[in-house]
Amino acid sequence: MEVFDCVSTLSSIRSYIDKEVPEEVIMEVLEAGRLAPSAHNDQPWQFILIRDKSKLKEMKKYCLSGSFISQVDFAVVVVTYPASKWHEIDSTRAVQNMALTAWSHKLGTCWIGRLEEKSLKNYLNIPDKLNILTVLPFGYFDERLTNSVKFRKDPEQVFHLNSYGNSL
Ligand SMILES: Cc1cc2nc3c(=O)[nH]c(=O)nc-3n(C[C@H](O)[C@H](O)[C@H](O)COP(=O)(O)O)c2cc1C
């Protein structure tokens, strides 16, 4: 898929089908995260690949706003270093890289933001001083059930020309 096609069709997926993702696709998604740019090239992230199905099911109790974690083929836990000033911004770029790369392979994901963070850190042996930005579930989905309509502000609500308030 072309980059803009991916950007314009990408949507959050919250229902997945039971279908295995090839190893090379999983590795490409991870690579897309690793290759993201970051302030001072700090690369303030770690990516934990979760493929163990029983673990994915168990993680449902820590993913308060993402029960669909239990349906997916794999997930990536995005861990960041709070000591690095822009750790969340940098790591969010890694997330978007992974989401778009996955989408180009017809794989969906959805940012899971509300986590039982302390317990999840415990469960995955993540040092307490690190931060969990998000858990990203990845899996194939039924494209017929996907809502292709994007609910976004209209261009005239967000675009300006040469100065603020001057419509484009
Ligand atoms: C920082 C962030 C946190 C989000 N947290 C959640 C979440 O916890 N659970 C969820 O189902 N969706 C979550 N989302 C997905 C948004 O609800 C979604 O991106 C938005 O409604 C736009 O829909 P779309 O992604 O399908 O275009 C999150 C998205 C972002 C960027």
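See the structure above.
Residues numbered from 1 in each chain as written. Predicted model: local features only at pLDDT ≥ 70, side-chain atom pairs only at ≥ 80, totals over all residues. Heavy atoms only, no water.

Turning our eyes to something else, we now look at the overall build of the protein. Helix and strand content of the protein: six helices and four strands. Along the protein, from the amino end to the carboxyl end, the secondary structure elements read α-α-β-α-β-α-β-α-β-α. Burial statistics for the protein: of 168 residues in total, 40% are counted as buried. Contacts in the protein between residues at least 24 apart in sequence constitute 76% of all its contacts with a sequence separation of at least 6. In the form shown here, the protein has an accessible surface area of approximately 10,200 Å², with 51% of it arising from carbon and sulfur atoms. Once the 20 positive and 21 negative side-chain charges of the protein are each reduced to a mean point, those two points are 5 Å apart. (Helix = DSSP H or I, 4+ residues; strand = E, 2+ residues; numbered from the N terminus. Buried < 20%, exposed > 50% of the residue type's maximum accessible area, 1.4 Å probe, protein only. Contact = heavy atoms within 4.5 Å. Areas by Shrake-Rupley, 256 points an atom, 1.4 Å probe, with all protein chains shown as cover. Lys, Arg positive; Asp, Glu negative; His and termini not counted. Charge placed at Lys NZ, Arg CZ, Asp CG, Glu CD.)

With that settled, consider the pattern of salt bridges. The final tally for this structure, using the stated rule, is nine salt bridges. Between arginine 51 and glutamate 23 there is a salt bridge whose closest N-O contact spans 2.8 Å. Linking arginine 51 in the loop between β1 (45–50) and α3 (53–58) with glutamate 23 in helix α2 (residues 23–34), this pair joins segments that are 28 residues apart in sequence. What makes glutamate 23 partly exposed here is its relative accessible area of 44%. In this structure, lysine 53 engages aspartate 73 in a salt bridge whose closest nitrogen and oxygen atoms are separated by 3.1 Å. In this pair, lysine 53 is assigned in helix α3 and aspartate 73 in the loop between α3 and β2 (74–80), connecting sequence segments 20 residues apart. By relative accessible area, which is 37% here, lysine 53 ends up partly exposed. (Salt bridge = Lys/Arg side-chain N within 4 Å of Asp/Glu carboxyl O.)

This next bit is on the pairing of strand β4 (residues 131–140). For β4, a buried count of ten out of ten residues is recorded, marking the element as mostly surrounded by other parts of the structure. Sheet topology note: the β2/β4 ladder contains seven bridges and is antiparallel. The residue of β4 that forms the bridge with alanine 75 is proline 137. Direction of pairing for strand β3 (residues 107–109) relative to β4: antiparallel, over a ladder of three bridges. Each residue of the ladder has a partner; that of threonine 109, found in β4, is phenylalanine 138. (Pairing = 2+ DSSP bridges.)

Here the focus is the nonpolar core. Core analysis: the biggest nonpolar cluster contains 28 residues, and Met59, Ile69, Val77, Leu120 and Val135 have the highest contact counts within it. At the level of secondary structure, the elements contributing two or more residues to this core comprise β2, α4 (87–104), α5 (117–124) and β4. Discounting residues that sit within four places of it in the chain, valine 135 has contacts with Met59, Cys63, Ile69, Ala75, Val76, Val77, Cys110, Trp111, Ile112, Leu115 and Leu120. (Core = buried A, V, L, I, M, F, W, Y, C linked by side-chain atoms within 4.5 Å.)

Once that is clear, we can look at the layout of surface pockets. Of the pockets and cavities examined, the largest pocket occupies roughly 360 Å³. The biggest single contributor to the lining of the largest pocket is α4, with three residues. Split into classes, the residues belonging to the lining of the largest pocket amount to eight nonpolar, six polar and three charged. In this structure, the second largest pocket occupies an estimated 200 Å³ of space. Of the residues contributing to the lining of the second largest pocket, the split by class is three nonpolar, five polar and two charged. (1 Å grid on protein atoms, 1.4 Å probe; cavity = no way out; pocket = protein on both sides within 12 Å on 5 of 7 lines; lining within 4 Å. Points joined across faces, edges and corners; volume = space filled by probe spheres on them. Nonpolar A, V, L, I, M, F, W, Y, C, P; charged D, E, K, R; others polar.)

With that out of the way, let us pick up the environment of leucine 136. Its location among the elements puts leucine 136 in strand β4. Each C-alpha atom, one on leucine 136 and one on valine 77, is 6.2 Å from the other, the two residues being 59 residues apart in sequence. Once you skip the residues sitting within four places of it in the chain, leucine 136 turns out to touch Phe74, Ala75, Val76, Val78, Val95, Met98, Thr109, Cys110 and Trp111.

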